[in-house]
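Remarks on the overall topology
What follows is the residue order along each chain.
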Amino acid sequence: MRYNRFHKDNNFLTPTTYTQELSEYTVNLKYEDIPAEVIERAKMIMLQTIGVTLAARSTPISEKVREMSREANGGLGGPTTVWGTGEKLAPVNAALALGTMSDSLDWEDCSWTGHPSAGIIPCAWLASEEKHKSGKDLLTAIVAGYEVYQRIAMAVQPSDLRWKTKGWGLTSWQIFGCIIPIAKLYGFDARKVNQAIGVGCESSTLPTAYHATTMSDFYHYEHGYRARDGFMIAKAVEKGIHNQLDALDEPRCYTGVICGDDANNGSGETRVVSGEADISWLTKDLGTRYLTMETLMKHWPANMWVQTTAEIVADLRKEHGFGPEDVEEIIVDPPVAERMWAPAEGFTSVTHAQFSIPFVVAAMLYDPNPGAQWFTKENMVNPKVLALAQRIHGGESPTDSPLTGFKQFRTGSYPMKTVTIKLKNGEVFQKSMDAHPGHPKNMMTREQFVERFRVQAAPVLQGEKLEKAIEVLCNIENCEDIASLGSLLS
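Residues numbered from 1 in each chain as written. Predicted model: local features only at pLDDT ≥ 70, side-chain atom pairs only at ≥ 80, totals over all residues. Heavy atoms only, no water.

A separate point is the environment of F347. Inspection of the secondary structure puts F347 in the loop between β7 (327-333) and α14 (350-354). Between the C-alpha atoms of F347 and K377, which are 30 residues apart in sequence, the distance is 8.4 Å. Not counting residues within four places of it along the chain, the set of residues in contact with F347 comprises W341, A342, H352, A353, S356, F359, M380 and L386. (Helix = DSSP H or I, 4+ residues; strand = E, 2+ residues; numbered from the N terminus. Contact = heavy atoms within 4.5 Å.)

Spelled out as C-alpha cells, the structure:
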C-alpha cells in the first residue's frame, strides 16, 4: 500500500489525498453546477484580462515577448492566436506572449496570492482554441483554475519572517493557475490531472521575489514563462508520464519544501503541517466556497496597493475640477511601505513606476485616461510628472506594509486610506476609502467592466469591431467553438 502525505496518530499512519481530491474536482466540475454569479464573475475577469492585454500591445515588453515567441515558434504558424495582432502560433508560444502581455501593465487581477488571471485566462482561451472547445467549456476551465490555484497557493503562503527575509514568490505557485485549465480542456482524467500537478511542483520556481528588490521588468515575463510551462507540462502528461502522483501529499515535496521544511523536528514525528505550509487550505470548502468571487480586479494600471489612492484622487479631481498645475501638495495617510518613492531622476523600469503611488497619481493627473502611455520611457522621466510626484508624500500615521494589507484582504477587509489634496489657491479637499471599485466588497458592475474594457481595448479595437467583441465576450457561453473567434481580438 502506498501512503500519501501522512501524520502520526496513535502510532498509525493516516494517509491524505489532497492531490487526488483537487484532481477529481477539476475533472468533475460542470458548467451547469457553477452558480450564475460565479459564471458572471469569470466572464468579467476574462473581459478585463483580455482588455489589459490589448492595452499593452504596443509596449516594449509586449513587442519583445512577441518577438521571442515568434523565434521560439520558428516563425508564424499554429492553431492559436495572439490577441491584438492576430499572429498564429503554437499554443505554448502564444501562451508565452499572452501571459507576459496580460501582466505587463499590472492591470489584471490580484488574489490573496498573486495574479492568477495572467495565467488562467490566456491558458484557458488558448487551450479552448486549440481543442475547439465551447464558451461553456472555457468558463468552466477558468473557474476550475481559480478554485484549485488559490487553494494550492494558500497552502504554501510563507510566514511573516520568510516573507520579510526571502520575499513573496507569487510566480512560484502561478504555475498551477496555468496547468489546471489546460488539463481540464485537454480532457484529462483525474490520474493525469494529478500527474500534471506533480510535474508542476517539480517545475515551480524557488519562492523568492527578487524583482521586488530590483524592480526588474522580468517580473512581467515570469507570468508568460509560467503560462508557457503550463502547456509544456500538459503536453508531457498528454503523451504519458509515470510515477508523478500525489505531489501535494508526500512529506518532502511541494508543500514542505516551498515554504521551508521542518517536517521532521528531530523527534522522528512527521507532521501534517509541514514547515510553514497550512496544507488544510488544499481542499478547504472546495465546491462550496468559490474563491473566484474573492478576487480583486484592478481599476488602474498599477500595483494593487496603489489602487485606493489613485481612486480617491480621481474622484476628487472629477468632483472639484482641478488640474495637475493647481496642486500644491498631496498627502497619503497612512503611507504604504515601498510604494512612496519619487526619485528626482525618474523611474528605471515600468515595474518601478507601477509600484509608486506618487508616480501613478501624477501620471493620472496629467493624463486621466489610463493606459500604456503612462509608462513610456519619456513619461517616466517627464519633468512635470516627476515634479508633481515629489509633492506627493505620506502622512503622519504609521506606515502600512503590503504584508499587513494582504492579511486584511484575506479576512475580507482592506486598508483604509485618507488622501488630502492642497491646492495652490488654498483650497483643501479630503476623502477616505478602503475598498476601491474592483475589491470583492465593492465589485464593479458589468457596465463598469465594459466601460473599462472600452478604454483598455482602444489601442486595438474601435467602433463596430469593439462593440462586437464586447457582445461576444459578455455572452461567451453561447460560442460553440472558441477557434471561430480568432479574428475577434485583432
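This part takes up the side chain of Q244. When you line up the elements, Q244 lands in the loop between α11 (218-239) and α12 (254-257). Engagement of the side chain of Q244 in a polar contact is seen with the backbone oxygen of G198, the distance being 3.0 Å. Within the local environment of Q244, its side chain forms a polar contact with the side chain of E202, the two groups lying 3.5 Å apart. Ignoring sequence-local partners within four residues, the contact set of Q244 consists of N194, Q195, G198, V199 and E202. (Polar contact = N/O pair within 3.5 Å; in protein donor to acceptor, adjacent residues only side chain to side chain.)

In this section: the confidence of the model for the protein. Averaged over the protein, the pLDDT score is 92; the fraction of residues at 70 or greater is 92%. The low-confidence segment residues 1-13 (pLDDT under 50) makes 41 contacts with residues lying over four places distant or belonging to another chain. Note that pLDDT drops below 50 for residues 261-274; the model gives that stretch 34 contacts with residues more than four away or on any other chain. (pLDDT = per-residue confidence, 0-100.)

All chains considered together, the criterion is met by 20 salt bridges. In this structure, K298 and D106 form a salt bridge, with 2.4 Å as the shortest nitrogen-oxygen distance. Highlighted residues: K298 in the loop between β6 (296-297) and α13 (307-320) and D106 in the loop between α4 (91-103) and β5 (109-110), separated in sequence by 192 residues. With relative accessibility at 0%, the residue K298 sits in the buried group. D106 gets classed as buried once you look at its relative accessible area, which sits at 0%. Across the salt bridge formed by E147 and R151, the nearest N and O atoms sit 2.9 Å from each other. In this pair, E147 and R151 both sit in helix α6 (residues 135-155), four residues apart, roughly one turn of the helix. Within this structure, E40, K43, R446 and E477 form a network of salt bridges that share partners. (Salt bridge = Lys/Arg side-chain N within 4 Å of Asp/Glu carboxyl O. Buried < 20%, exposed > 50% of the residue type's maximum accessible area, 1.4 Å probe, protein only.)

Let's shift gears to α11. For α11, which comprises 22 residues, the first-to-last C-alpha distance of 31 Å matches the rise-based estimate of 32 Å (1.5 Å per residue) to within 8%. Immediately beyond the C-terminal end of α11, within one or two residues, lies G240, with a positive phi of roughly 125°. (Expected span 1.5 Å × (residues − 1).)

Before going further, it helps to examine the nonpolar core. Ranked by internal contacts, the top residues of the largest apolar core, which has 159 residues, are W125, I142, F453 and I476. Top element by residues in this core is α6. It accounts for 13 residues. Leaving out residues up to four positions away in the same chain, W125 has contacts with M46, I50, W83, L138, L473, I476, I482, L485 and L489. (Core = buried A, V, L, I, M, F, W, Y, C linked by side-chain atoms within 4.5 Å.)

Moving on, we come to the pairing of strand β9 (residues 417-423). With respect to burial, β9 is a largely interior element, six of its seven residues being buried. Bridge analysis of β7 against β9 gives six bridges, and the strand direction is antiparallel. Across the sheet, the residue bridging to D333 is T418, located in β9. In this structure, β9 lies alongside strand β10 (residues 428-433), joined through six bridges in antiparallel fashion. Each bridged residue has a counterpart across the sheet, and for K417 the counterpart in β10 is M433. In this structure, the hairpin formed by β9 and β10 is closed by a connection of four residues, where G426 is found at a positive phi of approximately 95°. (Pairing = 2+ DSSP bridges.)

If you check α6, its first and last C-alpha atoms are 30 Å apart, about what 21 residues at 1.5 Å a residue would give, namely 30 Å. In terms of residue burial, α6 counts as a mostly covered element, since 19 of its 21 residues are buried.

To continue, consider the pairing of β7. Taken together, the three bridges between β7 and strand β8 (residues 392-394) define a ladder with parallel strand orientation. Paired with I331 across the two strands is H393, which belongs to β8.

Read from one edge to the other, the open sheet built from four strands follows the order β8-β7-β9-β10, with strand pairing classed as mixed. Of all the strands in the sheet, just β8 and β10 have a single pairing partner and so form its edges. Geometrically, the sheet is characterised by an average inter-axis angle of 20° between neighbouring strands, direction not taken into account. Most of the contacts of α13 go to β10, to which it runs at about 135°, and overall it touches β7, β9 and β10. On top of the sheet, helix α15 (residues 357-366) reaches β7 and β8; it is set at about 135° to β7, its chief contact. (Axes fitted to C-alpha atoms, helices over the stretch in contact; angles between N-to-C directions.)

What follows deals with the packing of helix α2 (residues 36-55) against α6. It is at 10 Å that the axes of α2 and α6 come closest, and there the two elements cross at 90°. Between α2 and α6, the interaxial angle falls into the category roughly perpendicular. Note on element contacts: α6 touches α2 through L138, L139, I142, V143 and Y146, opposite V38, I39, A42, K43, I45 and M46. (Parallel < 35°, antiparallel > 145°, perpendicular 65-115°, else oblique.)

This part is about the packing of aromatic side chains. Taken as a whole and judged by the stated rule, the model has 18 aromatic pairs. Summarising the aromatic geometry, the rings of W83 and W125 are spaced 6.0 Å apart at their centres and angled 90° between planes, so their arrangement reads as edge-to-face. Note that W83 is positioned in the loop between β3 (80-81) and β4 (88-89) and W125 in helix α5 (residues 117-131), a separation of 42 residues in sequence. W125 sits in the buried class, given a relative accessible area of 3%. Centre to centre, the rings of Y186 and F188 are 6.0 Å apart; their planes meet at 80°, and the pair counts as edge-to-face. For Y186, a relative accessible area of 10% corresponds to the buried category. Using a relative accessible area of 7% as the deciding quantity, one classes F188 as buried. A connected cluster of aromatic rings, assembled from ring pairs, spans W163, W168, W173, W305, F406, F409 and Y414. Positioned over the ring face of Y186 is K131, at 4.5 Å from the centre of the ring. One cation-aromatic arrangement involves K284 over W281; the distance from NZ or CZ to the ring centre is 4.2 Å. (Phe/Tyr/Trp six-rings, centres within 6.5 Å; stacked < 30°, edge-to-face > 60°. Lys NZ or Arg CZ within 6 Å of the ring centre and 35° of its normal.)

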